[in-house]
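Fold and geometry: a report
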Amino acid sequence: GEGSLTLSAKCVSSSESLVCDIRFDTHTVDTDSFDPKTQFSVKTNDQEPINPLKVEQEGDGHHRSFSVTFPALTGPFTFRAENLASEPWREITFP
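Residues numbered from 1 in each chain as written. Predicted model: local features only at pLDDT ≥ 70, side-chain atom pairs only at ≥ 80, totals over all residues. Heavy atoms only, no water.

Turning to the overall build of the protein, a few remarks are in order. What the protein contains, in helices and strands, is 1 helix and 7 strands. Listing each helix as α and each strand as β along the protein from the N terminus yields β-β-α-β-β-β-β-β. For a compact globule of 95 residues, the expected C-alpha radius of gyration is about 12 Å, and the protein comes in at 13 Å, within 12% of that figure. Taken along the three principal axes of its C-alpha coordinates, the protein extends 40 × 25 × 20 Å. Out of the 95 residues in the protein, the part that is buried amounts to 39%. Considering only contacts in the protein between residues 6 or more positions apart, those separated by 24 or more positions represent 55%. Carbon together with sulfur atoms contributes 48% to the accessible area of the protein, which is approximately 5,600 Å² in total. Across the protein, the mean location of the 8 positive side-chain charges is 2 Å away from that of the 15 negative side-chain charges. (Helix = DSSP H or I, 4+ residues; strand = E, 2+ residues; numbered from the N terminus. Rg over C-alpha atoms; globule rule 2.2 N^0.38 Å. Buried < 20%, exposed > 50% of the residue type's maximum accessible area, 1.4 Å probe, protein only. Contact = heavy atoms within 4.5 Å. Areas by Shrake-Rupley, 256 points an atom, 1.4 Å probe, with all protein chains shown as cover. Lys, Arg positive; Asp, Glu negative; His and termini not counted. Charge placed at Lys NZ, Arg CZ, Asp CG, Glu CD.)

What follows is about the sheet that holds strand β1 (residues 5-13). Overall, antiparallel pairing links the 4 strands, which are arranged β1-β2-β5-β4 in an open sheet. The strands lining the two open edges of the sheet, one partner per strand, are β1 and β4 (54-60). Here the average twist between neighbouring strands, direction ignored, is 15°. Where β4 and strand β5 (residues 63-71) come together, 7 bridges link them in antiparallel fashion. Bridging across to β5, Val-55 finds its partner in Val-68. (Pairing = 2+ DSSP bridges. Axes fitted to C-alpha atoms, helices over the stretch in contact; angles between N-to-C directions.)

Judged by nonpolar contacts, the single largest core of 23 residues is most densely connected at Ile-22, Phe-24, Phe-40 and Phe-79. Listed by contribution, the elements that provide at least two residues to this core are β1, β2 (17-26), β3 (40-43), β5 and β6 (77-84). Every residue in contact with Phe-79, bar those within four places of it in the chain, is listed here: Leu-7, Ala-9, Cys-20, Ile-22, Phe-40, Ser-41, Val-42, Phe-70, Arg-90, Glu-91, Ile-92 and Phe-94. (Core = buried A, V, L, I, M, F, W, Y, C linked by side-chain atoms within 4.5 Å.)

Honestly, that's just the spatial picture; any functional story needs more than this.
Shown next, in the form of structure tokens:
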């Protein structure tokens, strides 16, 4: 559940791309089966979800970090991780 895994995201937008630094920390959930290329996405209010263009990752198991590149977005957006720690999704909204 939500209390068993901490998800943090810091995103930086430029005219060329949106890069999000994502981190998982947990002591009870094995995240090795998590596929960031299909389970991470971003969207603005008027768009369908967009999957990453590029993913770099470090770590395994209980502590993983990712640098995830998406196409450039304008305006507020929501970062989403799907099927994470027995939850259908977890979202973080950025202004």
